[in-house]
Structure formats: structure tokens, C-alpha cells
Amino acid sequence: MSIPSGVLLIDKPRGYTSFDVIAVLRGLLHEKRLGHTGTLDPMATGVLPVLVGKATGACDILPVDEKSYRAEFALGKTTDTQDITGTVLSESDKPVSEAEILGKLPDFRGTISQLPPMYSAVSVGGKRLYELARQGVSVERKPREITVYDLTLEAYDEKTRAGTLLVSCSKGTYIRTLINDLGDAIGVGGCMTALRRISAHGLKISDCIPLEELRASENALELASERIIPTDKLFEFYPRLNLSEAQTRMYKNGVRLDPERVRGAKEGETYRVYGSEFLGLCRVLDGEIRIVRNFW
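Bear in mind that the values here come from a model prediction, so they are computed numbers and not experimental data. (Residues numbered from 1 in each chain as written. Predicted model: local features only at pLDDT ≥ 70, side-chain atom pairs only at ≥ 80, totals over all residues. Heavy atoms only, no water.)

1. Observations concerning a negative patch on the surface
Consideration 1: On the surface, a cluster of negative charge is made up of Glu98, Glu100, Asp157 and Glu158.
Consideration 2: Structurally, the position occupied by glutamate 100 is in helix H2 (residues 98-104). (Patch = residues over 30% accessible without salt bridge, like charges linked within 9 Å, V, L, I, M, F, W, Y side chains within 5 Å. Areas by Shrake-Rupley, 256 points an atom, 1.4 Å probe, with all protein chains shown as cover. Salt bridge = Lys/Arg side-chain N within 4 Å of Asp/Glu carboxyl O. Lys, Arg positive; Asp, Glu negative; His and termini not counted. Charge placed at Lys NZ, Arg CZ, Asp CG, Glu CD. Helix = DSSP H or I, 4+ residues; strand = E, 2+ residues; numbered from the N terminus.)

This is the structure in C-alpha cells:
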């Protein structure tokens with residue numbers, strides 16, 4: 001038995017890197033073609049979409065990059081990693097009211113500029129920033145444009161200055177940097193104490209299987225196969241285009257079909273293509289149906 005191609009949603013446990021999860025799954029599922037769609041820091045938990053088999057070809061063309069998180073924070077402390085695991089850089093005992101936090105949140109919604117932290121996987125001059133940071137080296141970094149679709153204060157204790165934020169954001173957003181910058185804006189500093197990704201690419205935590213549940217299973221391969229999500233679920237953003245049996249044969253042979261002969265095909269649009277099964281993505285361009293990516 002081999003696991004079918006598709007998406008396996010893993011609830012990543014704390015203490016594992018995303019690559020650790022892939023390594024564990026390769027051993028459990030006896031499948032080399034595995035990849036993930038977004039790195040989670042070791043201290044983070046939650047939604048880690050793992051692409052299996054032919055679905056690994058989807059990694060760089062996902063149409064929806066929005067992700068959401070539940071992030072816990074502590075005000076009055078900054079660290080070199082911008083989370084609770086780092087070395088403390090500064091502390092402040094200044095009280096902070098809930099109203100002060102709420103007053104600053106609008107500044108961090110929408111399209112904003114964010115400076116990647118030194119402890120990150122961003123590459124500068126061929127080296128990962130975290131590698132340089134561990135050597136005590138700090139380099140100049142360029143701010144990146146990110147989008148915070150929603151930022152809500154879910155809970156806050158004025159006595160401990162600890163709370164929880166709900167964040168919905170674009171790919172490439174560092175939540176710990178968001179908290180660090182929010183703390184700086186308030187004037188006391190802040191760091192992230194816990195992080196849980198609750199959705200990614202339209203896929204939710206409720207559909208995830210805990211990694212430890214798979215490891216404890218007597219038949220991890222069978223369990224994972226039952227939980228596989230079809231690859232086309234990742235592309236529901238695009239409309240569907242159905243091909244006839246003859247058109248499917250031509251499409252698979254690389255023939256650029258005439259969109260006027262395919263019902264519903266419109267110039268400039270990207271589609272999910274189906275014959276008797278999901279074939280992949282195509283785009284109608286210059287009067288031809290052109291293959292974007294195959295998944296058959």
C-alpha cells in the first residue's frame with residue numbers, strides 16, 4: 001500500500017521544526033516525495049500542510065497565502081529572538097492598559113512594512129539570518145511589505161501584562177516581530193510566549209491530525225491515507241473547467257486546445273482542469289488553453 005497524492009494536514013507539536021515533521025513522516029509513510037507549504041518555528045504548533053506525492057508540485061503556485069494564528073504575548077520584555085526562548089535585552093515595569101493596546105492595533109492592520117528578525121530563515125548573502133545570529137553577527141536587513149488582514153485582542157490581563165492576539169496575515173509575516181513592534185509602539189517592549197497556527201491556505205486546524213497520533217498508530221500509513229485531502233482542494237479559488245474524453249487525451253499529450261471548443265473557457269482566466277479526474281491548472285492565453293501545472 002502506498003499513500004495517495006494530496007495534502008496531509010499535520011498539527012505540528014511544539015519543539016519540532018517543520019523539517020523534523022517531514023523527516024518523521026518519511027519514516028512512517030515510506031514516501032520520499034513530501035514537502036510543506038510554510039515553515040513554523042520550533043516553539044509554534046498547529047496547521048502544517050504537508051504535500052504528498054504529485055501534490056508537491058503545488059508548493060510555489062498556491063493561490064491563497066492567507067494564514068491565521070492565535071499568539072500569546074507578554075509586554076514589558078524584549079529578547080534577541082523576539083520570543084520567550086531568547087536572551088532578555090530589556091525590561092520595563094510600566095503598566096499598560098487594555099485601551100492602550102487597542103489604540104495601537106489599527107497601526108498594524110493593512111499593508112505594512114516589517115523588518116525580518118535576525119533569528120529567521122531569510123537568506124542574506126547566501127547565509128540564513130539565524131546562522132549569523134547564532135554567531136553573534138547582525139547584518140543589515142531590508143524591510144518587507146506584508147498584509148495583516150485582521151488583528152484582534154482576544155484576551156489581556158492588565159496585572160500580568162500578558163494576553164492573546166488573533167492574527168490573519170499574508171505569507172512571510174513574522175508574528176513575533178509584530179508583537180515586538182507592537183510592544184515598542186506602546187513603549188514597553190514585548191515578546192511572543194506561544195504561537196498556534198489555526199489555518200493556512202483555507203485549511204483549518206479542525207482538519208489536522210496530531211503528529212503524535214500518527215506516530216502512536218499501529219498503521220500510520222492507513223490512517224494518513226484516510227486523512228489525505230485531494231490536491232484540487234488547494235485550488236478551489238479557481239473555477240472548474242471540464243474536458244471531454246477526446247480533449248483530455250489531447251491535453252495530456254500537450255496539445256494546446258482551442259478555448260472556443262471548451263465550454264466556459266474565457267481569455268485570461270486560470271482554471272482547475274478535469275477529465276475523469278483532476279488534471280491540474282491551465283490558463284487561457286492568446287486564444288489557447290495552456291498548461292500551468294500538471295498533477296496527473
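Moving on from the coordinates now.
2. A look at the pattern of salt bridges
Consideration 1: Under the counting rule described, the total for this entry stands at 11 salt bridges.
Consideration 2: The salt bridge partner of aspartate 60 is arginine 293, with a shortest N-O separation of 3.0 Å. Of the two residues, aspartate 60 sits in the loop between strand S3 (45-52) and strand S4 (67-75) while arginine 293 sits in strand S18 (residues 288-294), which places them 233 residues apart along the sequence.
Consideration 3: Aspartate 60 sits in the exposed class, given a relative accessible area of 60%.
Consideration 4: Arginine 70 is paired through a salt bridge with glutamate 154; the nearest N and O atoms lie 3.0 Å apart. Residue arginine 70 is located in strand S4, and its partner glutamate 154 is located in strand S10 (residues 144-157); the two are separated by 84 residues in the primary sequence.
Consideration 5: The exposure class of glutamate 154 is partly exposed, given its relative accessible area of 40%.
Consideration 6: What you see here is one network of salt bridges that share partners, running through Arg256, Asp286, Glu288 and Arg290. (Buried < 20%, exposed > 50% of the residue type's maximum accessible area, 1.4 Å probe, protein only.)

3. A short note on the packing of aromatic side chains
Consideration 1: Under the criterion given, the structure shown has 5 aromatic pairs.
Consideration 2: Centre to centre, the rings of phenylalanine 73 and tyrosine 156 are 6.2 Å apart; their planes meet at 10°, and the pair counts as stacked. Here the residue phenylalanine 73 occupies a position in strand S4, and tyrosine 156 occupies one in strand S10, the gap between them amounting to 83 residues. The two residues phenylalanine 73 and tyrosine 156 agree in class, both being buried.
Consideration 3: Geometrically, the ring pair formed by phenylalanine 237 and tyrosine 238 is edge-to-face, given 5.4 Å between the ring centres and 75° between the ring planes.
Consideration 4: One aromatic cluster in this structure is built from Phe235, Tyr274, Phe278 and Phe295.
Consideration 5: The residue whose ring lies beneath arginine 240 is tyrosine 274, and the NZ or CZ to ring-centre distance is 3.7 Å. (Phe/Tyr/Trp six-rings, centres within 6.5 Å; stacked < 30°, edge-to-face > 60°. Lys NZ or Arg CZ within 6 Å of the ring centre and 35° of its normal.)

4. A look at the environment of valine 262
Consideration 1: Checked against the element boundaries, valine 262 lands in the loop between helix H7 (245-252) and strand S16 (270-274).
Consideration 2: On the accessibility criterion, valine 262 (4% relative accessible area) is buried.
Consideration 3: Sequence-wise, valine 262 and asparagine 242 are 20 residues apart; in three dimensions their C-alpha atoms are separated by 7.7 Å.
Consideration 4: Look past the residues within four positions of valine 262 in its chain and what remains in contact with it is Leu241, Asn242, Leu243, Gln247, Leu257 and Ile289. (Contact = heavy atoms within 4.5 Å.)

5. Observations regarding helix H1 (residues 18-29)
Consideration 1: Given a rise of 1.5 Å per residue, 12 residues ought to cover 16 Å, and the 16 Å separating the end C-alpha atoms of H1 matches this to within 8%.
Consideration 2: Residues of H1 that are buried: Ser18, Val21, Ile22, Val24, Leu25 and Leu29. Buried residues in H1, looked at end-on, bunch into an arc of 165°, giving them a common side.
Consideration 3: Packed against the buried residues of H1 are strand S1 (6-12), strand S2 (34-36), S3, helix H5 (211-216) and helix H6 (220-227). (Expected span 1.5 Å × (residues − 1). Arc of directions from axis to C-beta.)

6. A few points about the sheet that holds strand S15 (residues 240-242)
Consideration 1: Strand order in this open sheet of 4 strands is S15-S16-S17-S18, and the pairing throughout is mixed. Edge positions in the sheet fall to S15 and S18, since each of these pairs with one other strand and no more. The sheet shows a mean angle of 40° between the axes of neighbouring strands, direction not considered.
Consideration 2: Note: S16 against strand S17 (residues 278-285), 5 bridges, orientation antiparallel. Residue pairing for S17: tyrosine 274 is matched across the bridge by phenylalanine 278. (Pairing = 2+ DSSP bridges. Axes fitted to C-alpha atoms, helices over the stretch in contact; angles between N-to-C directions.)

7. Examining the pairing of S1
In regular strands, side chains alternate between the two faces of the sheet.
Consideration 1: Burial of S1 is extensive: 7 of the 7 residues sit out of reach of the surface.
Consideration 2: Here S1 pairs with S3 via 7 bridges, running antiparallel. Within the sheet, the bridge partner assigned to leucine 9 lies in S3 and is proline 49.
Consideration 3: Sheet analysis places S1 next to strand S14 (residues 209-210), joined by 2 bridges and oriented parallel. What sits directly across from isoleucine 10, in S14, is isoleucine 209.

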